[in-house]
Amino acid sequence: MIGRALLILDIARKHIVRRTRQTAVAVSGVAVGVGFFLAVSAMMIGSQTDFVHRLIDAAPHIIVSDELRSPSPQPGVRAFPDAAVTLHGYKVRTEARGLKDWPAIMAVASAFPGAISSPSLTGGITLKLGGHEEALGIVGIEPGLEARISTIEDNLKVGRLRDLETVQGGIIIGEELAARLGVAVGDVVAATSASGVTRSLRIVGLFKRGQAELAPSSGYVLLREAQSLLGRPFIINRIGIHLEDPYTAEEIARTLESRFRYKAESWQERSADFLSLLVTRNVIMYSVVGAILLVASFGIYTVVSNSVFDKRRDIAILRSIGFAEADLQFVFLVQGVFLALIGILFGWMLGYGLMEILASLQFPIAGEDQRIPLDRGFRQYAIAAAASLTAGAVAAWLPARKTSRVDPVDILRGAA
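Here is what the cut-offs are and how they apply
Residues numbered from 1 in each chain as written. Predicted model: local features only at pLDDT ≥ 70, side-chain atom pairs only at ≥ 80, totals over all residues. Heavy atoms only, no water. Helix = DSSP H or I, 4+ residues; strand = E, 2+ residues; numbered from the N terminus. Buried < 20%, exposed > 50% of the residue type's maximum accessible area, 1.4 Å probe, protein only. Contact = heavy atoms within 4.5 Å. Areas by Shrake-Rupley, 256 points an atom, 1.4 Å probe, with all protein chains shown as cover. Salt bridge = Lys/Arg side-chain N within 4 Å of Asp/Glu carboxyl O. Axes fitted to C-alpha atoms, helices over the stretch in contact; angles between N-to-C directions. Parallel < 35°, antiparallel > 145°, perpendicular 65-115°, else oblique. Left-handed = near helix turned anticlockwise from the far one by under 90°. Nonpolar A, V, L, I, M, F, W, Y, C, P; charged D, E, K, R; others polar. UniProt positions renumbered as here; feature names shortened; annotations may be inferred. Arc of directions from axis to C-beta. Core = buried A, V, L, I, M, F, W, Y, C linked by side-chain atoms within 4.5 Å. Pairing = 2+ DSSP bridges. Expected span 1.5 Å × (residues − 1).

**Re the overall build of the chain**
At step 1: Along its length, the chain carries 15 helices and twelve strands.
At step 2: Within the span of the chain, comprising 416 residues, buried residues form 40% of the whole.
At step 3: Pairs at least 24 residues apart make up 79% of the contacts formed inside the chain by residues separated by at least 6 positions.
At step 4: Accessible surface for the chain amounts to roughly 22400 Å². Of this, 60% is attributable to carbon and sulfur atoms.

**Points about the pattern of salt bridges**
At step 1: Per the counting criterion, the structure on display carries seven salt bridges.
At step 2: Residues E133 and K128 are paired through a salt bridge, measuring 3.9 Å at the closest nitrogen-oxygen approach.
At step 3: The exposure class assigned to E133 is partly exposed, which follows from its relative accessible area of 49%.
At step 4: The partner of K157 in a salt bridge is E175, and the shortest N-O contact between them spans 3.0 Å. Remark: E175 occurs in helix 7 (residues 175-181) and K157 occurs in strand 4 (residues 156-158); sequence separation between them is 18 residues.
At step 5: Residue class for E175 comes out buried when judged on its relative accessible area of 14%.

**Side note on the packing of helix 4 (residues 102-110) against helix 9 (residues 249-260)**
At step 1: Contact geometry for helix 4 and helix 9: axes closest at 11 Å, N-to-C directions at 150°. Of the possible angle classes, the one that applies to helix 4 and helix 9 is roughly antiparallel. Crossing hand, helix 4 versus helix 9: right-handed. Along the contact surface, helix 4 presents A104, I105, V108 and A109, while helix 9 presents L256, R259 and F260.
At step 2: Counted by class, the contact of helix 4 with helix 9 contains six nonpolar, no polar and one charged residues.

**Some remarks on the UniProt feature "transmembrane region" (unreviewed entry) in the chain**
At step 1: UniProt's entry tags residues 23-45, 283-309, 330-351 and 378-398 with the feature "transmembrane region" (unreviewed entry), counted in the numbering of this structure.
At step 2: The distance from the first to the last C-alpha atom of residues 330-351 is 30 Å, and the span holds 100% helix and 0% strand.
At step 3: From the first C-alpha to the last, residues 378-398 spans 30 Å; its make-up is 100% helix and 0% strand.

**Re helix 4**
For the α-helix, the turn length of 3.6 residues means that residues three or four positions removed from each other point alike.
At step 1: Listed in full, the buried residues belonging to helix 4 are I105, M106, V108 and A109. End-on, the buried residues of helix 4 take up no more than an arc of 165°, which puts them together on one face.
At step 2: Next to the buried residues of helix 4 lie strand 1 (62-65), strand 2 (116-129), strand 9 (238-242) and helix 9.

**Observations concerning the nonpolar core**
At step 1: In this structure, I62, V64, I125, L127, I138, I173 and I241 are the most contacted members of the largest nonpolar core, which totals 44 residues.
At step 2: Beyond its immediate chain neighbours, meaning those up to four positions away, V64 contacts L99, I105, N237, R238, I239, I241, L256, Y262, K263 and A264.

**Thoughts on the environment of M285**
At step 1: Here M285 shows up in helix 11 (residues 272-310).
At step 2: For M285, a relative accessible area of 4% corresponds to the buried category.
At step 3: Each C-alpha atom of the pair M285 and S41 lies 7.4 Å from the other, and the pair is 244 residues apart in sequence.
At step 4: Non-local contacts of M285, meaning those with residues more than four positions away in its chain, are made with V40, S41, M44 and I45.

**Side note on unusual backbone geometry**
At step 1: In the Ramachandran plot, D101 falls in the positive-phi region, its phi being about 55° despite a non-glycine side chain.
At step 2: Of the residues examined, D101 reaches a relative accessible area of 55% and is grouped as exposed.
At step 3: Phi is positive for R261, which is not a glycine, with a value near 75°.
At step 4: The exposure class assigned to R261 is partly exposed, which follows from its relative accessible area of 43%.

**Some points on the environment of L350**
At step 1: Topologically, L350 is positioned in helix 13 (residues 325-360).
At step 2: Sequence-wise, L350 and V32 are 318 residues apart; in three dimensions their C-alpha atoms are separated by 7.4 Å.
At step 3: Once you skip the residues sitting within four places of it in the chain, L350 turns out to touch A31, V32 and G35.

**Quick notes on the pairing of strand 8 (residues 218-222)**
At step 1: A large share of strand 8 lies buried, amounting to five of its five residues.
At step 2: Across five bridges, the pairing between strand 3 (residues 132-141) and strand 8 is parallel. Within strand 8, the residue paired with V139 across the bridge is Y220.

**Brief notes about helix 9**
At step 1: With twelve residues, helix 9 ought to run about 16 Å at 1.5 Å a step, and its terminal C-alpha atoms sit 16 Å apart, in line with that.
At step 2: Within helix 9, the full set of buried residues consists of A249, I252, A253, L256 and E257. Axial view of helix 9: buried residues confined to an arc of 135°, hence all on one face. Opposite its buried face, helix 9 presents the exposed residues E251, R254, S258 and R259, each directed more than 90 degrees away.
At step 3: Following helix 9 by one or two positions, R261 adopts a phi angle in the positive range, close to 75°.

See the structure below:
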């Protein structure tokens, strides 16, 4: 049995060696397909991974806000839950916005492994300088905690979050807003809230331009400064939560929302549209590169098909001396697999070279030179090899079936 297997392997090897030109064409096709598969998938998966990481790290993994997904039931409905009750003409009670018993929410959230909670208060003010006014949405934060749950500090062009604690009435705004007001770090502007409170704020930092996670007309102040300016002492309306494992955000958000009823939004929920686009993007990518590998396998089909046709007399001789149809089909199947394996090895080298070239490229984005994020993990190499090997085996098996149609008596009689 072992001797026959070795003989089959040797026959397949000789078929490959003797057809140098066709072998080179088939191997080149597979190598090019594998190489470009690796290069394209490295760019696509790398950019996707980089995007998801930026998405995860840019903001808290969970945001608990003072919103309710559904309004509170009216007393009449609560009193008669199973009755056919119709209410109309009632006046909805106005409730003060803000998270009630927010220290308890933070305590429960912080109890999850590796979780960090940060309270904040958002509201609207108007900045005035001379005759120029600009609307601004401010976020009151605790700088030490906020720096641990988001990447706000990384987006600062000038200043630090801790400057909000060291400078009385400090505020951080975006470069675009600063340019419209004609101010710089250290300048003082007047701020007026909807409650009529007026305060002088000193600019202590500037956000970089073009930060997608930061609204152009938003600013950050100290939490107690926001509470005083907005006339809402001891009130917060948002809690940001950073988790050790970001992918548990949905489950923890559901737990918090079911317990406290306030809307708890995970990063997956906030970015659902983007994540669905990534899935579509991956389907398109793998379909295109899969088609490239499929076309590359046609070379193997051509080589094996020609080999079967040219070796009809050899097939007849082997059949006459006792080789079974399965043995002969296996000869040509092995031939196709050999070609695929050689093409995969060269394709890996080509793909590695293409990725090195892509990694060396720099593109000016937002005033900075940035490189293409690439995924060089073994997973892509394994996917390319498995797909090429499968395509090569199928491409070789299709013509290999023709060996069963070879009648050794007719072939030998015709040769004689």
